[in-house]
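Residues per chain are reported as follows:
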Amino acid sequence: MKVLVTGAKGQLGRSIQKITDQYPEMEFIFTDIEELDITNKAEVITFFDKYKPDFCINTAAYTNVDNAETEQETNYKVNVTGPENLAIACRNNGTKLIHISSDYVYNNDSDEIMTEKHKNIPKGEYAKSKLEGENSIKNIFSDFYIIRTSWLYSEFGNNFVKTIIRLCKEKKELNVVNDQIGSPTYATDLAYAIIKIIKSKKDLFGIYNFSNEGFVSWYDFAKKIIEIKGLDCKIIPIPTTDYPTPAPRPENSRMSKRKIKEIFAIQINNWEKSLIQCLALLNKT
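Below, the structure is looked at part by part.

The rules behind the values
- Numbers given to residues run from 1 along each chain, matching the order in which its sequence is written.
- Whole-chain, interface and lining totals are the exception, using all residues; otherwise, since this is a predicted model, local features are given only for residues with pLDDT of at least 70 and side-chain atom pairs are given and counted only at 80 or more.
- Values reported for side chains reflect all heavy atoms of the structure, with hydrogen atoms and water molecules removed beforehand.
- Salt bridge, as used here, is a side-chain nitrogen of Lys or Arg placed within 4 Å of a carboxyl oxygen of Asp or Glu.
- Strands here mean DSSP runs of E at least two residues long; helices mean DSSP runs of H or I at least four residues long; both are numbered from the N terminus.
- Burial status follows relative accessibility: with a 1.4 Å probe on protein chains alone, a residue under 20% of its type maximum counts as buried, one over 50% as exposed, and anything between as partly exposed.
- To obtain each axis, a line is fitted to C-alpha atoms, and for helices this fit is confined to the stretch in contact; angles are then taken between N-to-C directions over 0 to 180 degrees.
- Between 65 and 115 degrees an angle is taken as roughly perpendicular, under 35 as roughly parallel, over 145 as roughly antiparallel, and anywhere else as oblique.
- Crossing handedness: left-handed means the near helix sits turned counterclockwise from the far one by under a right angle, and right-handed means the same turn made clockwise.
- Contacts: residue pairs with any heavy atoms within 4.5 Å of one another.
- Any residue that is not Ala, Val, Leu, Ile, Met, Phe, Trp, Tyr, Cys, Pro, Asp, Glu, Lys or Arg is counted as polar, Gly included; the first ten are nonpolar and the last four charged.
- Patch definition: residues with relative accessible area over 30% and no salt bridge; like charges joined within 9 Å; nonpolar side chains (Val, Leu, Ile, Met, Phe, Trp, Tyr) joined within 5 Å.
- Computed with the Shrake-Rupley method and a 1.4 Å probe, the accessible areas treat only the protein chains shown as cover for residues.
- Only four residue types enter the charge count: Lys and Arg as positive, Asp and Glu as negative, with His and the chain ends excluded.
- Charge coordinates come from a single atom per side chain, which is NZ of Lys, CZ of Arg, CG of Asp or CD of Glu.
- Expected helix span is computed as 1.5 Å times (number of residues minus one).
- Think of the arc as the fan of directions from the helix axis to the C-beta atoms.
- Pairs of N or O atoms are called polar contacts if they sit within 3.5 Å, as long as, within protein, a hydrogen donor faces a hydrogen acceptor (for residues adjacent in sequence, only side-chain-to-side-chain pairs).
- Pairing of aromatic side chains requires ring centres within 6.5 Å, counting the rings of Phe and Tyr and the six-membered ring of Trp. Pairs whose planes differ by under 30 degrees are stacked, by over 60 edge-to-face, and all others tilted.
- We call a charge positioned over a ring when the NZ of a Lys or the CZ of an Arg lies within 6 Å of the ring centre and within 35 degrees of the ring normal.
- Strands were regarded as paired on the criterion that DSSP finds at least two bridges between them.

1. Structural notes on the pattern of salt bridges
Logical step 1: Scanning all chains against the criterion turns up 13 salt bridges.
Logical step 2: Notably, a salt bridge pairs E134 with R148, separated by 2.7 Å at the nearest N-O pair. Linking E134 in helix 4 (residues 125–140) with R148 in strand 5 (residues 144–149), this pair joins segments that are 14 residues apart in sequence.
Logical step 3: On the basis of relative accessibility, which here comes to 1%, the residue R148 falls in the buried class.
Logical step 4: Salt bridges here are not isolated pairs; linked through shared partners, they connect E213, K257 and K261.

2. Quick word on the packing of helix 7 (residues 218–229) against helix 9 (residues 271–283)
Logical step 1: Across the interface, helix 7 lies against helix 9 with an axial gap of 11 Å and an inter-helix angle of 45°. When the axes of helix 7 and helix 9 are compared, the pair comes out oblique. Helix-helix and strand crossings are classified by hand; for helix 7 and helix 9 the assignment is right-handed. For the pair helix 7 and helix 9, contact is made by D220, F221, K224, I225, I228 and K229 and by W271, E272, L275, I276, L279 and N283, respectively.
Logical step 2: Across the contact of helix 7 with helix 9, the residue classes break down as seven nonpolar, one polar and four charged.

3. As for a negative patch on the surface
Logical step 1: A grouping of D111, E112, D179 and E251 is seen on the molecular surface, where their side chains present a negatively charged patch.
Logical step 2: Structurally, the position occupied by D111 is in the loop between strand 4 (96–102) and helix 4.

4. Regarding helix 9
Three or four residues apart is the spacing at which side chains of an α-helix point the same way, because the helix has 3.6 residues per turn.
Logical step 1: Its 13 residues place the ends of helix 9 18 Å apart at the C-alpha level, agreeing with the 18 Å of an ideal helix rising 1.5 Å per residue.
Logical step 2: Listed as buried for helix 9 are W271, S274, L275, C278, L279 and L282. For helix 9, the arc enclosing every buried residue in end-on projection is 135°, short of the 170-degree limit, so these residues lie on one face.
Logical step 3: Considering only its buried residues, helix 9 is in contact with strand 6 (152–153), helix 5 (160–170), strand 9 (185–186), helix 6 (187–200), strand 11 (216–217) and helix 7.
Logical step 4: Where helix 9 begins, one side-chain oxygen reaches toward the backbone nitrogen of E272, 2.9 Å away; that side chain belongs to N270.

5. Section: the packing of aromatic side chains
Logical step 1: In total, this model carries 15 aromatic pairs according to the counting rule given.
Logical step 2: Aromatic side chains F28 and F30 sit 5.8 Å apart centroid to centroid with 15° between the ring planes, which places their arrangement in the stacked category.
Logical step 3: Looking at F28, the relative accessible area reads 17%, which means it is buried.
Logical step 4: Its relative accessible area of 24% is what places F30 among the partly exposed residues.
Logical step 5: Note on Y145 and F264: the rings are 6.1 Å apart at their centroids and 70° apart in plane angle, and the pair reads as edge-to-face. Here F264 lies in helix 8 (residues 258–264) and Y145 lies in strand 5, a separation of 119 residues in the sequence.
Logical step 6: The class of Y145 is buried, set by a relative accessible area of 1%.
Logical step 7: Among the residues examined, F264 registers a relative accessible area of 3% and is labelled buried.
Logical step 8: Pairwise contacts between aromatic rings join W151, Y153, F160, Y186, W218, F221 and W271 into one cluster.
Logical step 9: Sitting over the face of the ring of Y106, R148 holds its NZ or CZ atom 4.8 Å from the ring centroid.

6. Considerations on the sheet that holds strand 13 (residues 252–253)
Logical step 1: One open sheet accounts for three strands, arranged 11-8-13; its pairing is mixed. The open sheet is flanked by strand 11 and strand 13, the only strands paired with a single partner.
Logical step 2: The sheet contact formed by strand 8 (residues 181–182) and strand 11 spans two bridges and is antiparallel. Directly across from I181, in strand 11, lies its bridge partner S217.

7. Concerning the sheet that holds strand 5
Backbone hydrogen bonds hold the strands of a sheet together, and the pairing may be parallel or antiparallel.
Logical step 1: Strand order in the open sheet formed by six strands is 2-1-3-4-5-10, with parallel pairing between adjacent strands. Edge positions in the open sheet fall to strand 2 (27–30) and strand 10 (206–209), since each of these has one partner strand only. Taking each pair of neighbouring strands and ignoring which way they run, the sheet shows an average axis angle of 20°.
Logical step 2: Where strand 4 meets strand 5, six bridges bridge the pair, whose relative direction is parallel. Note on strand 5: the bridge partner recorded for H99 is I146.
Logical step 3: Across the face of the sheet, helix 1 (residues 11–19) comes into contact with strand 1 (2–6), strand 2, strand 3 (55–58) and strand 4 while running at roughly 150° to strand 2.
Logical step 4: Strands strand 1, strand 2, strand 3, strand 4 and strand 5 of the sheet are contacted by helix 6, whose axis makes an angle of about 160° with strand 5.

Structural data, given as structure tokens:
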């Protein structure tokens, strides 16, 4: 089985690379913009015609939520045009597409735990582009899995966990918002879930939520990070109104994972367990 992974230099792309030796029956092709520019339709079609992958895992995305407000053209190209091009190439070659989306597409001001059928009211350019990217795929063909995830972190790249550790080594106090609630997602856990979907051979296409189990605020997440690391830093809770950003942030990122767990028999770790695993790896670097 041949599996193409786009966005190979990102957190999820690198996390998939980390576990590939456990799946010798799969041939992985890892690409980033240097090998495959997903925003270039002709390049994508030529690449697929040459390699003819059975699956395409699209982890490539424009993820700078605040910069998306001003860099709208680049944001749109990567998050909408790119998935559209991949969907066309997948349709033409009989390739199944696994596309990574975001909790930002939901109506995040509700107090509900959001299922895949929850209303979509995206706010901000990033959120709107992620939903439009999903819709572009749906309008082209049906052989797709769209996985909506939240609060992604890993031992790779830049993320909340590594930022908190760095700042707490530089400062004695740190303000962190306590009124945005969701579930952290360890990228390695998501990588394993994606491979399990592929190996299941179940063509139960559609939209799925995935994040680690348990709900927490960014404040509580930060407190747990420094507790596990044993850092001497005071975390001070503040409301979102005290930390204005160019792009609006979801108040509620609580997603139900029931669908993906039941259909693919996926067991999902609690967020604290996965955080401990990630920090243990970071300690070795």
